[in-house]
Amino acid sequence: MQKFISQQNLGRLLDKLIADGKRVIAPRMDAGTPLYGPLADAAGIVLDQLPRRSAKETFFPVCEDIMSYGKEGQQVTLRDVSPASFPETILVGVRPCDAAAIPVLDAVFSWDYQDEFFLERRRRTTIVGLACTQADDACFCTAVGLSPAAPKGSDLFLTPVEGGGYACETFTGKGEALVNNHGELFAEPNGAPALPLAEPQTEKFDLKKVKAWLDDHFEDPAWDSIAVRCIGCGACAFLCPACHCFDIVDEGTEKAGKRRKSWDACGFWKFTHHASGHNPRDLQPKRYRNRIMHKFKYYDDKFGQTLCTGCGRCIRFCPVGIDIAAIVDEISKK
Amino acid sequence: MNDNPIDTTIYAAVTEAIQDEARRILSEGSVSAVVGYAAARRKGSAQPVVITQADDAGKLIFSAACVNNLAVYLTKAKKEIPKAGKIGIVVKGCDLKALVGLMGESQLKREELYLIGVPCAGVLASTAQPARELTGDTIAPKCRECDNHLPQGCDFVPDQRPVTLELAGKYSAEIARLEAMTPAERWAYWKEQFKKCIKCYACRQVCPFCFCEQCLCDRNKPQMVETTPRPAGNTAWHIVRAMHLAGRCAGCAECERVCPMDIPLNLLNRKMAKELKELYDYEAGFEVREKGPLAMYDEKDDQSFIK
Ligand code: SF4
Ligand code: SF4
Ligand code: SF4
Ligand code: SF4
Ligand code: SF4
């Protein structure tokens, strides 16, 4: 279904959803940093900056309680967190590189174990994607087969058009329901041409070739030169829309506490540190190798896709300037 | 707003001098490796590099994007860097303080280093957009307060002399603003900041003084501070870190630069430095000292806080 929505009506739509008690998550400023988060009103939305962290946290929060416990005398009580309490959510203004990562995560969280914390939030969320009109030289969605206009992962996709407003296209029943429930705010397509899309400059990678090299170069001196400067923080993984490792810890006292799930990262020394004291990934290049292998080989082996959508966040914010696009390009030329 | 460009024309000559010197010491065999900066893919960008061959000396550069404090690569925490024999390292004046501090803490020996000092007019605050021009607006806040544009005590410093602008300091003004707040207001400010922390530990990993092989904050048997990114554990983490770095922090501001959540971490460290100056007349600096004020006891120390 194709429609048109004016700038004003988009604002009205968001305010109406909020007034109806829906949770509207969108990019907005949080103590000076652009982040996705609950919108108080439509005026707070910030659409001209890529949020620092990706949209994945809508489904996979930085930290969440998954259980709580209490102990009184000999009596122990355990309380589950019920996914039924998750609010219905409209996630708005999602960049194509963020939206495309969501179906990628679906595969991970529903493969052997069904992660209801992720999946229930997913079920209750409608995703409104937004085409990009600006890119910088860290953006490389086009190099991994996506584009600034790719609707992958979006239920409803908005493209800014000349003269203001957005062309809307629905891709799923959820997207159609959102439009139908607020039909008065949408108009028939007005034929105005789309504003010029962003043009990421990176050349398309030959991902088959990259994978073929990774398939038989687990051991290679190149890993040392690629990763010797990596300092082993979690910045790249935490900002990434597709990274999904987590840790589970119990926090609290003997009397009361919570079991919590929070983000983890393969760059950390502790990530593979065994209880025996042995660490199979003892040096940073081995940890960085895992990052590349997971994104361009292991995930592909298992799910037939790449675990990178080219958002460029890890490039912009790596403390030591490690550039995944440059590394993939280097590998593809081997 | 201060979009006056800062003169970085000397950086081309500095680059050349660094390359020549690295080539000379590597081919002579007087060092086994040189830690420096190399150009990267994005326009104007730079990244740390370790070279071991004289033929690779041409890769070295110095530009406004050379923000990293490379001292982190010489600590125990970086086991990947070859440590055999003497190591050459490219240092800005601000980074030199960290090397001196590490010598005082017996992490490095002066005779194992070959210091290539950089005449520096300033570097960028952020490398998220490396192609930006160096101006009064884009310069790193630490450069506004720099007193060491021409490093002293190095083995080699190129001949160039940097031209610097007079810029108003940012940290002292920010600290004064925070000090003027009531404790409740100050607490509210930091709570808001710490709330944003995602425990990515980039601040720890980039810090030359966070070289502990096992950080207290990584302990899980028993857990010493809550490891999850939530207000309680975040606050504990930042207080532990501020205390651990008091009197040690070299002020390189790397922790603050790399924080993806824009938390002004250097304010904490600079505030601690100010307290140490007032209480113990102590400053981390360019003199190798064996003990910092929080690692030794002196009967003349202020006792008034012990109740
Ligand atoms: S990589 Fe850049 S241009 Fe491409 S979708 Fe993401 S933000 Fe938009
Ligand atoms: S690649 Fe960069 S961001 Fe990622 S772990 Fe290494 S240093 Fe940190
Ligand atoms: S690996 Fe980097 S560029 Fe790719 S999706 Fe993750 S953060 Fe974005
Ligand atoms: S605490 Fe921050 S400013 Fe101080 S030495 Fe470490 S990285 Fe540099
Ligand atoms: S770099 Fe910032 S977000 Fe990461 S652990 Fe340090 S303070 Fe927290």
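Keep in mind that what you see is a predicted model, and the values were worked out from it rather than measured. Just so you know, the residues in each chain are numbered from 1, in the order the chain's sequence is written. Throughout, the order in which chains and ligands are written sets their labels, letters from A for the former and numbers from 1 for the latter. Two thresholds apply to this predicted model, a pLDDT of at least 70 for residue-level local features and 80 or more for giving and counting side-chain atom pairs, whereas whole-chain, interface and lining totals are computed over all residues. Only heavy atoms go into the side-chain values, all of them from the structure, while hydrogens and water stay out.

Draft legend 1. How the structure looks around the overall build of chain B. Secondary structure follows DSSP: runs of H or I at least 4 residues long count as helices, runs of E at least 2 residues long count as strands, and numbering of each begins at the N terminus. A count of helices and strands for chain B gives nine helices and four strands. Relative to its length of 307 residues, chain B is compact, with a C-alpha radius of gyration of 20 Å against a globular reference of 19 Å. Along the three orthogonal principal directions, the C-alpha set of chain B runs to about 60 × 45 × 40 Å. Note on contacts: a residue pair is in contact if any heavy atoms of the two residues lie within 4.5 Å. Considering only intrachain contacts with a sequence separation of at least 6, the fraction spanning at least 24 residues in chain B is 71%. The Shrake-Rupley method, run with a 1.4 Å probe, gives the accessible areas here. Residue values count only the displayed protein chains as cover. Accessible surface computed for chain B: about 14200 Å², of which carbon and sulfur atoms make up 52%. This count recognises Lys and Arg as positive and Asp and Glu as negative, with His and chain-terminal groups excluded. Note that the charge is assigned to NZ on lysines, CZ on arginines, CG on aspartates and CD on glutamates. Each charge sign in chain B was given a centre, from 41 positive and 40 negative side chains, and these centres are 6 Å apart. When we talk radius of gyration, it's over C-alpha atoms, and the globule rule is simply 2.2 Å times the number of residues to the 0.38.

Draft legend 2. Focus on the site of ligand 5. Residue and element names in this part refer to chain B. Any residue with at least one heavy atom within 4 Å of a molecule or strand is counted as near it. Near ligand 5 there are 14 residues, and of these Cys197, Cys200, Tyr201, Cys203 and Cys259 occur at the shortest range. Elements supplying a minimum of two residues to the shell around ligand 5: helix H6 (202-206) and helix H7 (231-245). Ten residue types, Ala, Val, Leu, Ile, Met, Phe, Trp, Tyr, Cys and Pro, are classed as nonpolar, four, Asp, Glu, Lys and Arg, as charged, and the remainder, Gly among them, as polar. Across the shell around ligand 5, the residue classes tally to 12 nonpolar, one polar and one charged.

Draft legend 3. Molecular detail of the packing of helix H5 (residues 183-195) of chain B against H7(B). Residue and element names in this part refer to chain B. For helices, the fitted line uses only the C-alpha atoms of the stretch in contact; every axis is such a line through C-alpha atoms, and the angle between N-to-C directions lies from 0 to 180 degrees. Across the interface, H5 lies against H7 with an axial gap of 9 Å and an inter-helix angle of 105°. Judged by the angle between their axes, H5 and H7 are roughly perpendicular. Between H5, through Trp187, Phe194 and Lys195, and H7, the contact on the second element is made entirely by Asn234, Thr235 and His238. Taken together, the residues of the contact of H5 with H7 sort by class into two nonpolar, three polar and one charged. Here the angle decides the label: under 35 degrees means roughly parallel, over 145 means roughly antiparallel, 65 to 115 means roughly perpendicular, and every other value means oblique.

Draft legend 4. Just the interface of chain A and chain B, in detail. Chain A puts 43 residues into the contact, and the matching count from chain B is 37 residues. Here's the idea: put two parts together, see how much 1.4 Å probe accessible area each one loses, and the total over both is what we call buried area. For the pair chain A and chain B, the two sides together bury roughly 3500 Å², of which 53% comes from carbon and sulfur. Salt bridges are counted wherever a side-chain nitrogen of Lys or Arg sits within 4 Å of a carboxyl oxygen of Asp or Glu. At the junction of chain A and chain B, the tally comes to six salt bridges. The salt bridge partner of A:Asp136 is B:Arg42, with a shortest N-O separation of 4.0 Å.

Draft legend 5. Looking closely at the pattern of salt bridges. A complete count under the given rule lists 48 salt bridges over all chains for this structure. Residues B:Glu21 and B:Arg24 are paired through a salt bridge, measuring 2.8 Å at the closest nitrogen-oxygen approach. Linking B:Glu21 with B:Arg24, this pair stays in helix H1 (residues 10-28), spanning three residues, or about one helical turn. Burial classes follow relative accessibility: with a 1.4 Å probe on protein chains only, a residue under 20% of its type's maximum area counts as buried, one over 50% as exposed, and anything between as partly exposed. On the basis of relative accessible area, B:Arg24 is assigned to the partly exposed category, the value being 35%. Among the ionic contacts, a cluster of salt bridges with common partners joins A:Asp65, A:Glu251, A:Lys258, A:Arg260, B:Glu226 and B:Arg230.

Draft legend 6. Broad picture of the sheet that holds strand E9 (residues 166-170) of chain A. All names here are of chain A. Two strands are counted as paired when DSSP detects at least two bridges linking them. Within the open sheet, the seven strands sit side by side as E1-E9-E8-E7-E6-E2-E3. Their pairing is mixed. Among the strands making up the open sheet, the edge pair consists of strand E1 (2-5) and strand E3 (33-38). Neighbour to neighbour, the strand axes of the sheet diverge by 25° on average, direction disregarded. Of the strand pairs in this sheet, E1 and E9 are connected by four bridges, and their pairing is antiparallel. Considered in E9, the bridge of Gln2 is made with Glu169. On top of the sheet, helix H5 (residues 173-181) reaches E1, strand E6 (89-94), strand E7 (125-130), strand E8 (156-160) and E9; it is set at about 85° to E7, its chief contact.

Draft legend 7. Summary view of the sheet that holds strand E3 (residues 87-92) of chain B. All names here are of chain B. What the four strands build is an open sheet, ordered E2-E1-E3-E4; its pairing is mixed. At either margin of the open sheet sits one strand with a lone partner, and together these are strand E2 (46-51) and strand E4 (113-118). Neighbour-to-neighbour, the strand axes of this sheet turn through a mean angle of 35°, independent of strand direction. In terms of strand pairing, strand E1 (residues 33-39) meets E2 through six bridges, oriented antiparallel. Across the sheet, Val35 pairs through a bridge with Val50, a residue of E2. Lying on the sheet, H1 is in contact with E1, E2, E3 and E4; it crosses E4 at an angle near 165°. Sheet contacts for helix H2 (residues 93-104): E1, E3 and E4; angle to E3, the most-contacted strand, approximately 130°.

Draft legend 8. Broad picture of the pairing of E4(B). Residues and elements named next belong to chain B. Within E4, six of the six residues are buried, leaving the element largely enclosed by the surrounding structure. Across the two faces of E4 the burial is the same, with Leu113, Leu115 and Gly117 and Tyr114, Ile116 and Val118 all buried. If you view a crossover with the strands going away from you and the path from the first strand over the helix to the second runs clockwise, you call it right-handed. For the handedness criterion, the β-α-β arrangement of E3, H2 and E4 is classed as right-handed.

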